[in-house]
Every structure is written in structure tokens, then in C-alpha cells.
Amino acid sequence: MNTNITIDPKSFEASITFKFEDYKAPKDFKDSLAIISMIAGDYSLDPELELEDFQQLIDQGKEAGKTSISFSVSEEGLEAEFL
């Protein structure tokens, strides 16, 4: 699975982007959720995102015709956006 993680040097906000085409097996969802949890932990955040909720979020993005999802992580919280 190819994951793009960037950190803005000024705001220290992290951006994590996953492509929907990379989700081929249940382990792919678990791995992505683990990455989100690790990054959120650096900001002392609990992403409060369960595996089933994450899978539904990916399915919603696919149904909307999007190709990827990007999570922004900062001290303010966690936000998701379909791309």
C-alpha cells in the first residue's frame, strides 16, 4: 500500500493520503487505520475511528467517484476529505 504522509513545517499539521485502489484485502484497512492512529498519537489524539467506520468511509468515497482520501491531523483534531 502506497501512503503519502507530509508535515507542514510551519503549522506542524500532518496530512495522510490513501488511494482507494490500494484497498484489496481486509488487512489494508487495518494497516491504514494503524497509520492514522500512530500519527494521531503524536498529537495526543485518539482518532475515535473504528475499523467498520473506516471501511464505510472508504466505500462512501468510492461511491462518490473519488480516488483517494486525505486525513489532516493537528492539535485541533482529525479531519477527512475525499479527493
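See the structure above.
Residues numbered from 1 in each chain as written. Predicted model: local features only at pLDDT ≥ 70, side-chain atom pairs only at ≥ 80, totals over all residues. Heavy atoms only, no water.

> How would you sum up the pattern of salt bridges? Please name residues and give values.
Counted under the stated rule, the structure contains one salt bridge. Of the charged contacts, one joins aspartate 31 and lysine 27 as a salt bridge, the two residues approaching to 2.9 Å between their closest N and O atoms. Pair noted here: aspartate 31 and lysine 27 are both in helix α1 (residues 26-42), with a separation of four residues, about one helical turn. (Salt bridge = Lys/Arg side-chain N within 4 Å of Asp/Glu carboxyl O. Helix = DSSP H or I, 4+ residues; strand = E, 2+ residues; numbered from the N terminus.)

> Describe in detail the packing of aromatic side chains, supporting the description with residues and values.
Tallied over the full model, the rule gives seven aromatic pairs. On the numbers, 6.3 Å between centres and 80° between planes, the contact of phenylalanine 29 with phenylalanine 54 is edge-to-face. Within this pair, whereas phenylalanine 29 is found in helix α1, its partner phenylalanine 54 is found in helix α2 (residues 51-63), the two being separated by 25 residues in sequence. This pair shows no difference in class: phenylalanine 29 is buried, exactly as phenylalanine 54 is. One aromatic cluster is present, built from ring pairs that chain together Phe18, Tyr23, Phe29, Phe54 and Phe71. (Phe/Tyr/Trp six-rings, centres within 6.5 Å; stacked < 30°, edge-to-face > 60°. Buried < 20%, exposed > 50% of the residue type's maximum accessible area, 1.4 Å probe, protein only.)

> Which residues make up α2, and what are the values?
Over its 13 residues, α2 runs 18 Å from end to end, which matches the ideal 18 Å to within 8%, given 1.5 Å per residue. If you check which residues of α2 are buried, you get Phe54, Leu57, Ile58 and Gly61. Along the axis of α2, the buried positions cluster into a sector of 95°, meaning they face one direction only. Across α2 from its buried face, at more than 90 degrees, point the exposed residues Glu52 and Glu63. Glycine 65 sits one or two residues past α2 and shows a positive phi near 80°. (Expected span 1.5 Å × (residues − 1). Arc of directions from axis to C-beta.)

> Describe the packing of α1 against α2, naming the residues involved and giving the relevant values.
Interaxial distance between α1 and α2 falls to 10 Å at its minimum, and their mutual angle equals 105°. By the criterion of interaxial angle, the relationship of α1 to α2 is roughly perpendicular. Residues Phe29, Lys30, Ser32, Leu33 and Ile36 of α1 pack against Leu51, Phe54, Gln55 and Ile58 of α2. Considered class by class, the residues forming the contact of α1 with α2 number six nonpolar, two polar and one charged. (Axes fitted to C-alpha atoms, helices over the stretch in contact; angles between N-to-C directions. Parallel < 35°, antiparallel > 145°, perpendicular 65-115°, else oblique. Contact = heavy atoms within 4.5 Å. Nonpolar A, V, L, I, M, F, W, Y, C, P; charged D, E, K, R; others polar.)

> So what's going on with a nonpolar patch on the surface? Which residues, and what values?
A contiguous nonpolar patch, built from Ile5, Ile7 and Phe12 and spanning about 310 Å² of accessible area, is present on the exposed surface. Tracing the backbone through its elements, the reader meets phenylalanine 12 in the loop between β1 (3-7) and β2 (14-19). (Patch = residues over 30% accessible without salt bridge, like charges linked within 9 Å, V, L, I, M, F, W, Y side chains within 5 Å. Areas by Shrake-Rupley, 256 points an atom, 1.4 Å probe, with all protein chains shown as cover.)

> Now, about the sheet that holds strand β3 (residues 68-74): what can you tell me, with residues and values included?
Ordered by their spatial adjacency, four strands build an open sheet running β1-β2-β3-β4, and the pairing between neighbours is antiparallel. Only two strands of the sheet have a single neighbouring strand rather than two, namely β1 and β4 (77-82). Direction aside, neighbouring strands of the sheet carry axes that sit 15° apart on average. The pairing of β2 with β3 spans six bridges and is classified as antiparallel. Bridging from a neighbouring strand, isoleucine 16 pairs with phenylalanine 71 of β3. Contacts between α1 and the sheet are confined to β1, β2, β3 and β4, with β2 contributing the most and set at about 175° to the helix. (Pairing = 2+ DSSP bridges.)

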